[in-house]
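This is what each chain is made of:
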Amino acid sequence: MGKFELSDKLAPAGKLVVIGGHENKMGRPETEMQKEGDDPLEVLEAVISLTEKSSPVIEVITTASGEHEESFEDYLRIFKRLGAVEVGHIFHHNRGEVLLDDLRARIERADVLFFTGGDQLKLTSIYGGTALLSQIKDRYISEPIVIAGTSAGAMAFSTPMIISGNKDNQQLVGAVRITTGFSLLKNICVDTHFVDRSRFVRMSQVIATNPGCIGIGIEEDTAFIVEHGKTIRVIGSGVVIIIDGFGTKDSNVTEYDSGKCISISDLKVSILNDGAVWEIPALEPLFI
């Protein structure tokens, strides 16, 4: 399979921090010994350090959350502790609010945009096709902004985005439902809480139905950083699992009304830990 050579002109200037959920927000008591290289706040510290600023401005977007005030307070506390000079809160109940809310100046000032967890479908149904999302994408393409998301906030970065399917029904053909995410990661599907919630089979279904895509499952308190739109670096206490369906030869994904269990041959799987680097295959331009 031929690959598209990614040029500097096409590579996004921004960076993504894609978090698997339940990242450590408390750190470790000062009385406890910390082993060399063992940083309990590594994931959230990376969000700050990638800005390369001593006092960055952060906007926390809690629209996905059912407890948006509590969620914001958690991140306000930890980002202030980590050095943010200003932490703003963006929340919308519905799409109509977004269409009336002029946030251009705040989005332009932000060094970091951070999407919290909750329901990824809220994010895409409320922000998809809005001027707000267009501005976020424009800044990601052309400026060195850091865009981070955890749990549902991370899943929304996908192109095919999972919206349903759990460990009780994921083995049934057609039980996993997808829609289109923000497409900050083109031809990539992100799933979170991946090991803890046994989500390997549901991601495999997504890849079997979209074999031109890569599936990336992230464990809790773990993240991957994307630079230049193509290089992944893993951080945190768990693993990142990559599922590649380019070489699949057969599956029964078209039998979605049969009640059968899924069958897929020749998936390729990679498991990456803290510090591992992986290159996203560039099969076509990232942004055209």
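Residues numbered from 1 in each chain as written. Predicted model: local features only at pLDDT ≥ 70, side-chain atom pairs only at ≥ 80, totals over all residues. Heavy atoms only, no water.

Draft legend 1. Molecular detail of the confidence of the model for the chain. When pLDDT is averaged along the chain, the result is 91, and 90% of the positions lie at 70 or above. Between residues 29-37, whose pLDDT stays under 50, and residues either more than four places distant or in other chains, the model counts four contacts. (pLDDT = per-residue confidence, 0-100. Contact = heavy atoms within 4.5 Å.)

Draft legend 2. Spatial organisation of the sheet that holds strand E8 (residues 188-191). The strand order across the open sheet built from four strands is E8-E9-E12-E13, with neighbouring strands paired in mixed fashion. Two strands in the sheet have a free side with no partner beyond their single neighbour: E8 and strand E13 (268-272). The sheet shows a mean angle of 20 degrees between the axes of neighbouring strands, taken without regard to direction. Pairing geometry for strand E12 (residues 240-244) and E13, over five bridges, is antiparallel. Looking at the pairing, Asp244 lines up with Lys268 of E13. Lying over the sheet, helix H8 (residues 200-209) contacts E8, strand E9 (214-218), E12 and E13, oriented at roughly 35 degrees with respect to E12. (Pairing = 2+ DSSP bridges. Helix = DSSP H or I, 4+ residues; strand = E, 2+ residues; numbered from the N terminus. Axes fitted to C-alpha atoms, helices over the stretch in contact; angles between N-to-C directions.)

Draft legend 3. Expanded view of the packing of helix H1 (residues 42-49) against helix H2 (residues 68-81). The interhelical angle for the contact between H1 and H2, taken along N-to-C directions, is 65 degrees, at an axis separation of 10 Å. Judged on the interaxial angle alone, H2 and H1 are roughly perpendicular. Classified by chirality, the crossing of H2 by H1 is right-handed. Side by side, H1 and H2 meet where Leu44, Val47 and Ile48 of the first sit next to Tyr75, Ile78 and Phe79 of the second. (Parallel < 35°, antiparallel > 145°, perpendicular 65-115°, else oblique. Left-handed = near helix turned anticlockwise from the far one by under 90°.)

Draft legend 4. A look at the side chain of Thr51. Mapping Thr51 onto the fold places it in the loop between H1 and strand E2 (57-61). With relative accessibility at 11%, the residue Thr51 sits in the buried group. Within polar-contact distance, the side chain of Thr51 engages the backbone oxygen of Ile48 at 2.7 Å. Sequence-distant contacts of Thr51, defined by excluding residues within four places in its chain, comprise Pro56, Asp111, Val112 and Val146. (Buried < 20%, exposed > 50% of the residue type's maximum accessible area, 1.4 Å probe, protein only. Polar contact = N/O pair within 3.5 Å; in protein donor to acceptor, adjacent residues only side chain to side chain.)

Draft legend 5. Main features of the nonpolar core. By size, the foremost hydrophobic cluster in this structure holds 42 residues, and its most contacted members are Val18, Tyr127, Ile147, Phe182, Leu185 and Phe224. Per-element accounting of this core gives the leading share, four residues, to helix H6 (residues 131-142). Among the nonpolar cores identified, the runner-up in size contains 25 residues, and Leu44, Ile58, Tyr75 and Leu82 belong to it. (Core = buried A, V, L, I, M, F, W, Y, C linked by side-chain atoms within 4.5 Å.)

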